[in-house]
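For reference, the chains in residue letters:
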Amino acid sequence: MEVNKTTLPTSFRITGSRSNAFELRNVLVNVHVPELNKIQFGDDNKSEAPRSLPWYPDELGWQHSAPRSTIKKSPAFQNFHKWLVAETEVGNISRQEAVSMIPPLLLDVKPGHWVLDMCAAPGSKTVQIIEAVHANDLQDKTIPSGLVIANDADLKRSCMLVHQAKRLKSPCLIVTNHDAAQFPGVYVKQGLTEEKKPIQFDRILADVPCSGDGTLRKNFLIWKNWGIGSAIGLHYTQVKILLRGAQLAKESGRIVYSTCSMNPLENEAVVAEVLRRSRGNLQLVDVSDQLPQLIRAPGVTTWKVMSKENKWVDKLEDIDPKYQKKYAKSLWPPADVGQLNLERCMRIYPHFQDTGAFFIAVFQKTGPITDISSIDDSVSNKNACDTEDASVAETNENDIQTFYEETDMSNDPDATIVDDLSTNDAADNFCVVPIKRHNVDSSKHESHKCPKVEKLETKVEPDEEDDNQMGSQKRTCEEPFIKLETKVENDYNQMGSQKRACEEPIIKLEIKVEPDEDNSQMGSQKQMCEEPFIFLDPDGAVISQIREYYGLSHEFPTDQLLVRSVNERNKILYFVSEPVKRVLQAPDCSRLRVVNSGIKVFTRQEANEPIKCEFRFNAEGIIMIYPYVSKNRVVNFSLDDLKILLSEPTPLIDRFDEKIQKRLKELDMGCIIIYIDPCKERDAIILPVWRAAVSLNLLYRKEERRALELRVSNFYQ
Ligand SMILES: C[S@@+](CC[C@H](N)C(=O)[O-])C[C@H]1O[C@@H](n2cnc3c(N)ncnc32)[C@H](O)[C@@H]1O
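What you see is a predicted model, and the numbers here were worked out from it, not measured in a lab.

Conventions used here
- Residues numbered from 1 in each chain as written.
- Predicted model: local features only at pLDDT ≥ 70, side-chain atom pairs only at ≥ 80, totals over all residues.
- Heavy atoms only, no water.
- Helix = DSSP H or I, 4+ residues; strand = E, 2+ residues; numbered from the N terminus.
- Buried < 20%, exposed > 50% of the residue type's maximum accessible area, 1.4 Å probe, protein only.
- Contact = heavy atoms within 4.5 Å.
- Areas by Shrake-Rupley, 256 points an atom, 1.4 Å probe, with all protein chains shown as cover.
- Near = heavy atom within 4 Å.
- Polar contact = N/O pair within 3.5 Å; in protein donor to acceptor, adjacent residues only side chain to side chain.
- Nonpolar A, V, L, I, M, F, W, Y, C, P; charged D, E, K, R; others polar.
- Pairing = 2+ DSSP bridges.
- 1 Å grid on protein atoms, 1.4 Å probe; cavity = no way out; pocket = protein on both sides within 12 Å on 5 of 7 lines; lining within 4 Å.
- Points joined across faces, edges and corners; volume = space filled by probe spheres on them.
- Domains from an automatic or database assignment.
- UniProt positions renumbered as here; feature names shortened; annotations may be inferred.
- Axes fitted to C-alpha atoms, helices over the stretch in contact; angles between N-to-C directions.
- Left-handed = near helix turned anticlockwise from the far one by under 90°.
- Salt bridge = Lys/Arg side-chain N within 4 Å of Asp/Glu carboxyl O.

Peer 1: Got a sec to walk through the overall build of the chain? Specific residues and values, please.
Peer 2: When helices and strands are counted, the chain shows 21 helices and 31 strands. Looking at the 717 residues of the chain, the share that counts as buried comes to 60%. Across the chain, every contact between residues at least 6 apart in sequence was considered, and the portion connecting residues at least 24 apart equals 75%. Approximately 29,400 Å² of the chain is accessible, and the part contributed by carbon and sulfur atoms is 50%.

Peer 1: Run through the site of the ligand, naming residues and quoting values.
Peer 2: Around the ligand there are 25 residues in total, and K125, D152, R157, A180 and D207 lie nearest to it. Contact between the ligand and D207: a nitrogen atom at 2.7 Å from a side-chain N or O atom of the residue. In the complex, 98% of the free accessible area of the ligand, which totals 600 Å², lies under the protein chains. Here the shell around the ligand is built from residues that sort into 13 nonpolar, 5 polar and 7 charged.

Peer 1: A description of helix α5 (residues 124–133) should follow, citing residues and the corresponding values.
Peer 2: Within α5, 9 of the 10 residues are buried, which leaves it mostly tucked inside the rest of the structure. The complete set of buried residues in α5 reads S124, K125, T126, V127, Q128, I129, I130, E131 and V133.

Peer 1: Any chance you could break down the pairing of strand β6 (residues 147–151) for me, citing the residues and the numbers?
Peer 2: When you tally the buried positions in β6, you get 5 out of 5 residues, the bulk of the element. With burial as the criterion, each face of β6 is covered, one bearing L147, I149 and N151 and the other bearing V148 and A150. Here strand β5 (residues 114–117) pairs with β6 via 4 bridges, running parallel. Counterpart to V115 in the pairing with β6 is V148. Here β6 pairs with strand β7 (residues 173–176) via 4 bridges, running parallel.

Peer 1: Residue-level account of empty space enclosed by the protein, with values.
Peer 2: Take a probe with the size of a water molecule and roll it over the atoms, and the empty space left behind shows itself. Under the counting rule described, the total for this entry stands at 2 cavities of 30 Å³ or more. The space that makes up the largest cavity amounts to roughly 100 Å³. Around the largest cavity, the lining is made up of 12 residues, and of these K166, S170, L173, N596 and G598 lie nearest the centre. Every element with two or more residues in the lining of the largest cavity is listed here: α7 (155–166), β7 and β25 (594–597). By residue class, the composition of the lining of the largest cavity is 5 nonpolar, 5 polar and 2 charged. Both domain 2 (98–306 + 330–369 + 411–428) and domain 3 (465–529 + 534–575 + 598–604) contribute no fewer than three residues apiece to the lining of the largest cavity.

Peer 1: How would you sum up the UniProt feature "active site" (unreviewed entry) in the chain? Please name residues and give values.
Peer 2: Mapped onto the present numbering, the UniProt feature "active site" (unreviewed entry) falls at C260. Mapped onto the secondary structure, C260 falls in the loop between β11 (249–259) and α10 (268–278). When its relative accessible area of 6% is taken as the criterion, C260 is described as buried.

Peer 1: Tell me about unusual backbone geometry, and name the residues and values.
Peer 2: Where the residue is not glycine, phi is negative for most of them; where a peptide bond is considered, it is trans in most cases. Of the consecutive residues A121 and P122, the connecting peptide bond is found in the cis state with omega at 5°. Considering the arrangement of structural elements, one finds P122 in the loop between β5 and α5. Unlike most non-glycine residues, D58 shows phi in positive territory, near 60°. Considering the arrangement of structural elements, one finds D58 in the loop between β2 (51–52) and β3 (61–64). Positive phi, normally seen in glycine, also occurs at R279, with a value near 50°. Counting through the fold element by element, R279 comes out in the loop between α10 and β12 (282–284).

Peer 1: Outline the packing of α5 against α7, supporting the account with residue identities and numerical values.
Peer 2: It is at 9 Å that the axes of α5 and α7 come closest, and there the two elements cross at 40°. When the axes of α5 and α7 are compared, the crossing they make is right-handed. Side by side, α5 and α7 meet where S124, T126, V127 and I130 of the first sit next to L161, Q164 and A165 of the second. Of the residues assigned to the contact of α5 with α7, the class counts are 4 nonpolar, 3 polar and no charged.

Peer 1: Please provide a residue-by-residue account of the sheet that holds strand β30 (residues 685–691), values included.
Peer 2: What the 4 strands build is an open sheet, ordered β28-β29-β30-β31; its pairing is mixed. For this open sheet the edge positions go to β28 (634–637) and β31 (696–698), each flanked by a neighbour on one side alone. Averaged over all pairs of adjacent strands, the angle between strand axes in this sheet comes to 35°, irrespective of strand direction. Both β30 and β31 contribute to a ladder of 3 bridges, which runs antiparallel. Residue R691 lies in a different strand from β31, and its bridge partner there is L696.

Peer 1: Account for the sheet that holds strand β22 (residues 534–535), with residues named and values stated.
Peer 2: Taken together, the 5 strands give an open sheet; going across it, the order is β22-β23-β24-β26-β27, and neighbouring strands pair in antiparallel fashion. The two strands at the open ends of the sheet, each matched to only one other strand, are β22 and β27 (615–617). For strand β26 (residues 599–604) and β27, the ladder comprises 3 bridges, and the chain directions are antiparallel. The partner of F602 across the bridge, within β27, is F617. Sheet contacts for helix α16 (residues 541–550): β23 (561–563), β24 (572–575), β26 and β27; angle to β27, the most-contacted strand, approximately 55°.

Peer 1: Hey, could you go over the pattern of salt bridges for me, with residue numbers and the actual values?
Peer 2: Counted according to the given criterion, the structure contains 28 salt bridges. One salt bridge in this structure joins E35 and K38, with 2.9 Å as the shortest N-O distance. When its relative accessible area of 61% is taken as the criterion, K38 is described as exposed. K665 is paired through a salt bridge with D654; the nearest N and O atoms lie 3.3 Å apart. Highlighted residues: K665 in helix α20 (residues 658–666) and D654 in the loop between α19 (639–647) and α20, separated in sequence by 11 residues. By relative accessible area, D654 is classed as exposed at 52%. Each member of the salt-bridge network shares a partner with another, and the members are K169, R701, K702, E703 and E704.

Here it is as structure tokens:
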């Protein structure tokens, strides 16, 4: 308990599948850590320099405990902090609680896997999953082939997730917004055949809402609001979510269940109940040999339930009969608890290795999980934890809620929300949900545009990539019928750059409607933004123009390019992986509330002078598409040339060395790729650049530019 009163160290991960992960780790190890080690802090003169988490693979997980005052005082720490912030902004580093890194590692995701992250927001673990799906990108230089569906019942939080995951630029991701316990089954095409089967996943993560008592070290409200009722109520939701996950897993698929709670009612009791309901078709996996340096305790096999009167109760029958129906029988250990291998679950306590607390159970599916509704429920308290009859379930859910509301407020999300959701760390804490049924009906498609998240608002400078100075229309909802006056307030919310879901400009735009356009859809502008994903004809005019101009190889699957507006002058072409395409094209895909998918690969460019190709590369997709582009539009730069490119927004071509000038002058105005091979141990830098009449313009957002500048300055150290 004493450890829970101390400050939690800050932890972060260097993203593992990115080309520069090892390079960044080397900068940390060789540049920052030695500098920080020179500084002595505190009374005991102990260094608080970052140290790697011994159990995290490849030395890519880190932790440091320097207090804010230290960071402020020390220039070395400030440098380190600046580096951390810049690399975090562009997605090369993720701030994440150390224990929260464990479930995705045990999920054992492989490239090409289909993965469902059931309760995914704000997305720390989704990011790890995406990294694992992309682990072979570097070796193969192939188009990633996996599928990651990241789902959350809370739309606002789904949008935070979009923002978070977007930095990884993955064409494999679909973000959805459903109650995980009712995640819809959609029929998808099997391989190359036309046969369609209900979607099933190789891997499922159920990082469920919980009471959050494992986050006591950073979430002070838990101290105040914790009560016995929250776990009892959440147990029900957790069983439903995990059962649905088990159903959606492929046979032989793996499911990881996790909570940031230490309470057996939310952990072993849920695991035991789901094992019972799966009738031998789920097994707990022994993961004791994995992450060997991680100190952990086994799952417990005995526990009690505390009654409303604050008395420990050994079995349901000992509860006052008039309240018995308020408790699920599955809250108590089942009679066969000894046979369930609950000791294979993993408990991490704060004092083990200076972290928060966490619970993890890893399952393997060995056979079909019978339709839950047909399971005989005679063993458990049918009333309290049944999915057979929705109305019964709902009544009981509400009963349990009301019952505990009388004495404590721990189920009130407002009482437990941390007050700052702007960092992952803080958002990680937001685990407690109201026990009330989510009003999410997958058959009804009310608007699922991301609402504005006031706290995430940020200013985007006018020289942002898509607001570039080249006279193009502002990045709006891609809707064709609105022309923005050039003077716009560039005040966007920070939810990522994909307008449809999350990038609603905070509207202070003067809009001018072109009178001669078809305005029939104007009334439903919102609707427009929710247009389905429209795949382009690979032999159509748009793709032919791009293919010809950039010498795009036929190996590049242009049939995975899509637009998100019915307008012919589509502004942005997105790319999705083949499995994502299969899902988006499923006949019943409309059952899925898709919040976001696809990475931007091409953007329509308008220029003052005639240009041969209307589309330029987009920074989001450049690394993926580079191997497929003819070298005719690629210019090799040295690090010195790169420094000139970064020295100002639009450096004149004449400033570069003569060879480069000559090469640039051979190329007509339009988009080019700059390729920099800094040295053997480092990965190439590949940049989209606009070659204007007399100058160059790096097509990067300012955060990306800042991180690149820092990286270049590190090359010179
Ligand atoms: C513990 S947090 C998830 C943290 C996340 N996995 C991560 O690593 O960033 C639990 C999440 O579950 C969501 N949630 C609550 N009830 C849900 C439900 N019935 N279905 C799906 N998501 C739910 C909450 O909105 C919250 O974002």
